[in-house]
Amino acid sequence: MSPGAYAERVNGQVRMSETYLNGTRIYFFGGDRELATVSTKAKMFRLARCGATLVPEYNPDIVTHIVIDDNIVSLHHLLENISVKRLSKVPGHIPILKWPWATTDNTKKHFRIHAAFATRRNSVDAIDYDPDINPIVPPAPKKGKEHAAPNPEVTNSSGEQMVGNPSAKSPREASSSSSRGLEDEEASFEKQRVSSKPRANSDPANENNVGEDPLAEFYAQARTERDQEVQENLGDGNKATNLHAENGNKSHSSGSRFLCDGVRTSAGQCPNQDVIDKLSELKKIHEQRLMTGDNFRVLKYSTAINALRAYPKRIRSTEEAMSLNGVAKKTAEKIMEIIRTGDLQRLHHERAVSDDIRVIELFQGIYGVGRQIAHRWYNAGCRTLDDLREGKGGVKLSSVQQIGLQYYDDINSRMPRAEAEEIFNKIKPFALKIDSKLYVDIMGSFRRGKADCGDIDIIITRPTDDGRNHSGVLSKLLKDLRIAGIITEDLSIPDDWSDLELCYRGLCRKDSDSRRRRIDFLVIPWESRGAALLYYTGDDIFNRSMRLKANKMGYSLNQKGLFAGVVRDPQDRTRKLNQGTNIASATEREIFDKLGVPWQEPHERVRGFS
DNA sequence: GTGCAGGACCT
DNA sequence: AGGTCC
DNA sequence: GCAC
Ligand SMILES: O=c1ccn([C@H]2C[C@H](O)[C@@H](COP(=O)(O)OP(=O)(O)OP(=O)(O)O)O2)c(=O)[nH]1
Ligand SMILES: [Mg+2]
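Keep in mind that what you see is a predicted model, and the values were worked out from it rather than measured. (Residues numbered from 1 in each chain as written. Chains lettered and ligands numbered in written order. Predicted model: local features only at pLDDT ≥ 70, side-chain atom pairs only at ≥ 80, totals over all residues. Heavy atoms only, no water.)

A.B. asks: I'd like a description of the overall build of chain A, backed by residues and values.
C.D. replies: Check the secondary structure of chain A and you find 21 helices and 14 strands. The burial tally for chain A puts 53% of its 610 residues in the buried class. Partitioning the intrachain contacts of chain A with sequence separation of at least 6 by distance along the chain shows that 69% fall at a separation of at least 24. Total accessible area on chain A is roughly 27100 Å²; 49% of this is exposed by carbon and sulfur atoms. (Helix = DSSP H or I, 4+ residues; strand = E, 2+ residues; numbered from the N terminus. Buried < 20%, exposed > 50% of the residue type's maximum accessible area, 1.4 Å probe, protein only. Contact = heavy atoms within 4.5 Å. Areas by Shrake-Rupley, 256 points an atom, 1.4 Å probe, with all protein chains shown as cover.)

A.B. asks: Help me get a handle on the sheet that holds strand β2 (residues 53–54), residues and values and all.
C.D. replies: Read across the open sheet, the four strands follow the order β2-β1-β3-β4; overall the sheet is parallel. The sheet is open, and its two borders are formed by β2 and β4 (96–98), each paired with just one other strand. Here strand β1 (residues 25–29) runs beside β2; their pairing, made up of two bridges, is parallel. The residue of β2 that forms the bridge with Ile26 is Leu54. Set on the sheet, helix α2 (residues 38–49) makes contact with β1 and β2; between it and β1 the angle comes to about 170°. (Pairing = 2+ DSSP bridges. Axes fitted to C-alpha atoms, helices over the stretch in contact; angles between N-to-C directions.)

A.B. asks: Give me the lowdown on the site of ligand 1, citing residues and values where you can.
C.D. replies: Neighbouring ligand 1 are 17 residues, the closest being Arg414, Ser445, Arg448, Asp455 and Asn543. At 2.5 Å from an oxygen atom of ligand 1 is found a side-chain nitrogen or oxygen belonging to Ser445. Side-chain polar atom of Arg448 to an oxygen atom of ligand 1: 2.7 Å apart, as the coordinates give it. Coverage of ligand 1 by the protein amounts to 74% of the 540 Å² it exposes when considered alone. If you list the elements that add at least two residues to the shell around ligand 1, you get α17 (444–447), α19 (529–537) and α20 (540–552). Of all the elements, α19 adds the most residues to the shell around ligand 1, at three residues. Split by residue class, the shell around ligand 1 holds three nonpolar, seven polar and seven charged. For the shell around ligand 1, the domains that each give at least three residues are domain 3 (415–524) and domain 4 (532–604). (Near = heavy atom within 4 Å. Polar contact = N/O pair within 3.5 Å; in protein donor to acceptor, adjacent residues only side chain to side chain. Nonpolar A, V, L, I, M, F, W, Y, C, P; charged D, E, K, R; others polar. Domains from an automatic or database assignment.)

A.B. asks: Could you give an account of the coordination of the magnesium ion (ligand 2), naming the residues involved and the relevant values?
C.D. replies: For the magnesium ion (ligand 2), the full set of protein donor atoms is Asp455 (OD) and Asp457 (OD), at a range of 1.9 to 2.1 Å. The burial state of Asp455 is the same as that of Asp457; both residues are buried. (Donors = N, O, S within 2.8 Å, 3.2 Å for Na, K, Ca; no water.)

A.B. asks: Describe the pattern of salt bridges, and please don't skip the residues or the numbers.
C.D. replies: Between side chains of opposite charge, a pair can form when the charged atoms approach closely. In the structure shown here, the tally under the stated rule is 29 salt bridges. A salt bridge links Lys392 to Asp387; the shortest N-O distance between them is 3.8 Å. As a salt-bridge pair, Lys510 and Asp511 come within 3.6 Å of each other at their nearest N and O atoms. You can call Lys510 buried: its relative accessible area is 18%. Taking the relative accessible area as the measure of exposure, Asp511 reaches 29% and is therefore partly exposed. One continuous salt-bridge network, built from bridges that share partners, spans Arg289, Asp294, Arg297, Arg346 and Glu350. (Salt bridge = Lys/Arg side-chain N within 4 Å of Asp/Glu carboxyl O.)

A.B. asks: Kindly report on the nonpolar core, identifying the contributing residues and their values.
C.D. replies: Ranked by size, the top nonpolar core spans 28 residues in total, and within it Ile456, Ile458, Ile460 and Phe521 carry the most contacts. Elements represented by at least two residues in this core include exactly α16 (417–434), β6 (439–442), β8 (456–461), α18 (473–483), β10 (502–508) and β11 (517–523). At six residues, the largest contribution of residues to this core is made by α16. Each residue touching Ile458, except ones within four places of it in the same chain, is listed here: Phe424, Ile427, Val440, Asp441, Ile519, Asp520, Phe521, Leu522 and Tyr536. If you look at the next biggest cluster of nonpolar residues, it comprises 27 residues, including Ala7, Phe28, Leu97 and Ala126. (Core = buried A, V, L, I, M, F, W, Y, C linked by side-chain atoms within 4.5 Å.)

Take a look at the structure:
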């Protein structure tokens, strides 16, 4: 559900428990556009409980206040969301306020204290605004009737009128709970969970019990709404049946400063598998989110999961959990909740609110569909894979996505290690028949010794000591493999087939009775084989850690080699201004050495497995 | 409070 | 240039 | 969400 849709819903259904926002018509922006996050929903819910009317879409003729989730929403982000070119185009009588403004009872006067943008001028929240000298008042209503009901149904089109200039006061630091953004919301949620009282309400003597408004109440109401929504919104009882597997299988462990330095402790069976499963689910939810901050949560959940995989004992305490590299308080508490209760309430809360998450996850399971496309299709009204096949809502699939859809289940299944090996053993002779001096090997999770593989990663190179190289080999090989019925579909192909460095992605199968499997070929020049092996062996988290370490040491590491003297654009540190000089690339070991990382065998670069 | 890996192909 | 994937 |  979109934030706007939630705003409309909340207006009608939330019962009011406070009145200090009576008469306000608030446009709330939590940084989400297409899917209202739990954070946004909780905040809207609370605004409504305090008497505000939520305006689903920004309209300067209706809105009396704009409230944003500070720390999450940038100026650019907000302007884009409300389709306004410049801050000065927002009428001066509409204050733009940070979330904490709404959490205290004293919302009169002094908007400036909670002003979201200190640079704003000629507005009631400007730093230099003085109502006695130069008052700013809303224009007289053009049409329509008076209307100041506490919780009016916002029909969104009716030009409603302004209710005085609510002016604020009282800074009032962030009272007790949920005031500042996702992280704080989570923190407060955790707190509430731990004290786990279904209690109706806390001490009424508390001067500020609004500040304690438990999210539990929001969740409870949200749950009851969900059922209505399912019926109302889509008469389409067709559930997304197709859930797939993938369960983070990367690994690494705790140890020193960088993960890649890590000390591994692999065991045959992971004693914390239940924790890993739950955290993987949470990770998947963050993978759907459009906001950039969630990428790093995904990264951190990945590292935490890897650390857990490597950990040989059952976790017994928060402190023990926090001893793992990459696990701090928040994750440690989640881990302990799972260990103690076998469950993570946060997951239920996320999913309870609507079916968004299920559907987006379903769509993201299609190869070539990421979060943006998945949300776009959801917005277009699609809810099932069949909707997509029918082009419902005018959605169009790229050719790769069509293949991804056709082989949805195949692509989302992992294959037994033995099958990967069998396929590779069919492929290798074709390569050697083209050139017996080729070096051909299987990389990725297979090289790391995993029991199952998400795909087959094959590296091809060739020594140049005889003055020859492997230019053109891949196109020949693929031709043979297509004839042999092994390669069946292409997903992405090199642009210059004669290059010594190229990358191919496609589907293959062991034989005509077997499932389709993902297959990748990486062709690389002989000189960079060490860096390429390192890269292609992974896992991804290990690579990122090692590259981070290289970066911190003033180097840059990629699949071609380890480079010194790289100068980065200070504005965009990912952009390199020069290429630097290659200081290691021929062997994995020299790269480990130059980075001071203790050597690890490929199978050691796997921690745990399953 | 800031940074988080780095690159290739597709559209 | 943005999106997805490795 | 974590580390510095
Ligand atoms: O974001 C990524 C993804 C992958 N890789 C590297 C490491 C990885 O090991 C290798 C192959 O990628 P793949 O996606 O096949 O991962 P895998 O480790 O082989 O696991 P799976 O069994 O899921 O294929 O490419 C990265 O460096 N960054
Ligand atoms: Mg792989």
